[in-house]
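Chain by chain, the residues:
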Amino acid sequence: MSIFAVSYTYSDDVATRDEVRPSHRAFLRALNTDGVVRASGPVDGGVGALLILEAESADAALAILDEDPFALRGLVAERGVRQWDVVIGGLAE
């Protein structure tokens, strides 16, 4: 398994984001419990998020996040993924 950093940029639909946020966070918490999502949180004042995942590939990481309630409701305007080779810190192998 490798570590991937996934960035979200959210749509401007703040009202729907506020409505869906509890299910979005429950989804990510479940993935955290399963050891898939290692860390997650908003960036830049909440206009996006950074998610750290453990997955087989970049495509697999994105496929996992396809089921995120924010993604299902069209609240993720842009998404990027990069493999991250952690050498120092709690995520280092």
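The structure we're discussing is the one just above.
Residues numbered from 1 in each chain as written. Predicted model: local features only at pLDDT ≥ 70, side-chain atom pairs only at ≥ 80, totals over all residues. Heavy atoms only, no water.

Attention shifts here to the overall build of the protein chain. From N to C terminus, the protein chain includes three helices and four strands. Here the C-alpha radius of gyration of the protein chain, 13 Å, is about what a compact globule of 93 residues would show, namely 12 Å. With the C-alpha coordinates of the protein chain rotated into their principal frame, the extents come out at 40 × 25 × 20 Å. In the protein chain, which comprises 93 residues, the proportion classed as buried is 34%. Long-range pairs, those at least 24 residues apart, make up 69% of the contacts in the protein chain with a sequence separation of at least 6. (Helix = DSSP H or I, 4+ residues; strand = E, 2+ residues; numbered from the N terminus. Rg over C-alpha atoms; globule rule 2.2 N^0.38 Å. Buried < 20%, exposed > 50% of the residue type's maximum accessible area, 1.4 Å probe, protein only. Contact = heavy atoms within 4.5 Å.)

By size, the foremost hydrophobic cluster in this structure holds 20 residues, and its most contacted members are Val6, Tyr8, Leu28, Leu51, Leu53 and Leu65. Every element with two or more residues in this core is listed here: β1 (2-10), α1 (14-33), β3 (48-55) and α2 (58-65). Ala5, Ile52, Val86 and Leu91 belong to the second largest nonpolar core, which has five residues in total. (Core = buried A, V, L, I, M, F, W, Y, C linked by side-chain atoms within 4.5 Å.)

Turning our attention to the environment of Leu31. If you trace the backbone, Leu31 turns up in helix α1. Judged by its relative accessible area of 12%, Leu31 is buried. A C-alpha to C-alpha distance of 16 Å links Leu31 and Ala49, two positions 18 residues apart in sequence. Contact partners of Leu31, with chain neighbours within four places excluded, come to Val36, Val37 and Ile64.

Secondary-structure assignment places His24 in helix α1. In terms of polar contacts, His24 uses its side chain to reach the side chain of Asp68, at 2.8 Å. Not counting the four nearest positions on each side in its chain, His24 is found in contact with Tyr8, Tyr10, Asp68, Pro69 and Phe70. (Polar contact = N/O pair within 3.5 Å; in protein donor to acceptor, adjacent residues only side chain to side chain.)

Remark: the centre distance and the inter-plane angle together describe each pair of aromatic rings, the angle taken between the planes. With the rule as written, the count across this model stands at two aromatic pairs. Ring centres 6.1 Å apart and planes at 65° place the aromatic pair Tyr8 and Tyr10 in the edge-to-face group. Comparing Tyr8 with Tyr10 shows no difference in burial state: the two are buried. With a centroid separation of 5.3 Å and 90° between ring planes, the pair formed by Tyr10 and Phe70 is classed as edge-to-face. Residue Tyr10 is found in strand β1, and its partner Phe70 is found in helix α3 (residues 69-72); the two are separated by 60 residues along the sequence. Since its relative accessible area comes to 10%, Tyr10 is described here as buried. (Phe/Tyr/Trp six-rings, centres within 6.5 Å; stacked < 30°, edge-to-face > 60°.)

Another aspect to go through is the pairing of strand β2 (residues 37-43). Remember that side chains alternate between the two faces of the sheet whenever the strand is regular. Here six bridges tie β2 to β3, and the two strands are oriented antiparallel to one another. Bridged to Pro42 within β3 is Ala49. Between β2 and β3, which pair antiparallel one after the other, the connecting turn spans four residues, and Asp44 there sits at a positive phi close to 55°. (Pairing = 2+ DSSP bridges.)

Let us look at unusual backbone geometry. Unlike most non-glycine residues, Asp44 shows phi in positive territory, near 55°. Within the fold, Asp44 resides in the loop between β2 and β3.

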